[in-house]
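Below are the chains, spelled out letter by letter.
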Amino acid sequence: ANTMLYHIITKQLKAYWKRLTSVQSQGLDARGFLFGPPLALRLGVGFVPVRKKGKLPGPTETASYALEYGQAELEIQRDAVEPGKKVVLVDDLLATGGTMRAACELMKRLKAEVLECLVVIELLSLKGAEKLLPFHCHSLLQYD
Ligand SMILES: O=P(O)(O)OC[C@H]1O[C@H](OP(=O)(O)OP(=O)(O)O)[C@H](O)[C@@H]1O
Ligand SMILES: Nc1ncnc2[nH]cnc12
């Protein structure tokens, strides 16, 4: 709702990634779709949605994960990412890290290279970043 804030956040995501041009931005359903596409536009690269299970047609890969409040599954179309493609995974929030880890698992299966996980907010006390290792997660804001 705050246009100026939205602009500042996407600009900061871009500032962090301005070195890279040959990447693909991947947003995680649903709030990752708020930040992945504007980042992709600013970088001049493609965007691919990683969706909750059951929303994509055609052959897909699925990875299940535990949330703080249950189980869920993420899905991606098998031909959405070429093998060897460098990707940045984008979401609004890293909490326990289960969602982001499932997205990393999908990238691994499609033989894409995860350069970095990128989130607006990281909840440090839930230690989600540890769960993602060896992948690195960069956050713009951190809370305990
Ligand atoms: O690090 P984790 O513990 O996995 O939690 C983080 C995830 O939780 C929230 O999404 P949610 O599952 O609530 O779905 P939504 O984006 O559809 O609201 C958030 O947008 C992240 O994707
Ligand atoms: N701990 C948390 N706080 C706020 N939003 C969340 N989404 C998933 N986990 C969350």
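Right above here is the structure, for reference.
A short tour of the structure in this document, coming up.

Criteria and thresholds
All residue numbers refer to positions counted from 1 along the written sequence of the respective chain. Working convention: letters from A go to chains and numbers from 1 go to ligands, in the order in which they are written. Given that this is a predicted model, residues contribute local features only at a pLDDT of at least 70 and side-chain atom pairs are listed and counted only at 80 or more, while totals for whole chains, interfaces and linings are drawn from all residues. Only hydrogens and water are set aside when side-chain values are computed; all heavy atoms of the structure are taken into account. Consider each residue's heavy atoms; a residue with any of them within 4 Å of a molecule or strand counts as near. Note on areas: these come from Shrake-Rupley sampling with a 1.4 Å probe, and a residue is covered only by the protein chains present in the view. Charged residues are taken to be Asp, Glu, Lys and Arg, nonpolar residues to be Ala, Val, Leu, Ile, Met, Phe, Trp, Tyr, Cys and Pro, and polar residues to be all remaining types, Gly included. In the sections that follow, a salt bridge refers to a side-chain nitrogen of Lys or Arg positioned within 4 Å of a carboxyl oxygen of Asp or Glu. By the criteria applied, helices consist of DSSP H or I runs no shorter than four residues and strands consist of E runs no shorter than two, each listed in order from the N terminus. Note on classification: 1.4 Å probe, protein chains only; a residue is buried when its accessible area is under 20% of the maximum for its type, exposed when over 50%, partly exposed between these limits. Any two residues whose heavy atoms approach within 4.5 Å at even a single point are treated as in contact. A 3.5 Å cut-off defines polar contacts: any pair of N or O atoms within that distance qualifies, except that in protein one atom must be a possible hydrogen donor and the other a possible acceptor, and neighbouring residues in sequence count only when both atoms are side-chain atoms. The way it works is a 1 Å grid over only the protein atoms, where trapped points that fit a 1.4 Å probe form a cavity and open points with protein on both sides within 12 Å along at least five of seven lines form a pocket, and then any residue with an atom within 4 Å of a point lines it. Think of it this way: if more than half of a molecule's atoms are within 2 Å of a pocket's grid points, that molecule is in the pocket or cavity. Under the pairing criterion, centres of Phe, Tyr and Trp rings, with the six-membered ring standing for Trp, must be within 6.5 Å; the plane angle then separates stacked pairs below 30 degrees from edge-to-face pairs above 60, leaving the rest tilted.

## With respect to the site of ligand 2
Taken together, E68, Y69, L93, A95 and L123 are the residues near ligand 2. When ligand 2 is considered free in solution it has 260 Å² of accessible area, and contact with the protein chains removes 59% of it. Broken down by class, the residue content of the shell around ligand 2 amounts to 4 nonpolar, no polar and 1 charged.

## Focus on the pattern of salt bridges
A full pass over the atoms with the stated rule returns 8 salt bridges. With a shortest N-O distance of 3.2 Å, E61 and R78 are connected by a salt bridge. With E61 in strand β3 (residues 60–67) and R78 in the loop between β4 (70–77) and β5 (86–94), the pair connects residues that are 17 residues apart, well separated along the chain. Classification of E61 as buried rests on a relative accessible area of 17%. In this structure, the salt-bridge partner of E113 is K86, at a minimum N-O distance of 3.3 Å. A residue pair is termed long-range when its members are at least 10 positions apart, and E113 in strand β6 (residues 113–123) and K86 in strand β5 qualify at 27 residues.

## Some points on unusual backbone geometry
In the segment running from D29 into A30, the intervening peptide bond is cis, with an omega of 0 degrees. Locating A30 in the fold gives a position in the loop between β1 (23–28) and α2 (36–43). Cis rather than trans, the peptide bond between L133 and P134 has omega equal to 15 degrees. If you check the backbone angles, K127 has positive phi at about 50 degrees while not being a glycine.

## Description of α2
Regarding α2, the residues found buried are G36, P38, L39, A40 and L43. Buried residues belonging to α2 abut α1 (3–17), β1, β2 (46–52), β5 and β6. G44 sits one or two positions beyond α2 and adopts a positive phi of about 70 degrees.

## A short note on the site of ligand 1
Looking at ligand 1, there are 15 residues lining it, with D91, D92, T96, G97 and T99 nearest. Contact between ligand 1 and D91: an oxygen atom at 2.6 Å from a side-chain N or O atom of the residue. Residue A95 places a main-chain N or O atom 2.8 Å away from an oxygen atom belonging to ligand 1. Protein chains shield 86% of the accessible area of ligand 1, which is 500 Å² for the free molecule. When atoms are counted within 2 Å of each cavity's grid points, the one that captures over half of ligand 1 is the largest pocket. If you list the elements that add at least two residues to the shell around ligand 1, you get β5 and α3 (98–109).

## A few points about the packing of aromatic side chains
Taken as a whole and judged by the stated rule, the model has 2 aromatic pairs. Arranged with centres 6.2 Å apart and planes meeting at 90 degrees, the rings of F33 and F47 form a pair that is edge-to-face. Taken together, the positions of F33 in the loop between β1 and α2 and F47 in strand β2 put the pair 14 residues apart, joining distant regions of the chain. Residue class for F47 comes out partly exposed when judged on its relative accessible area of 27%.

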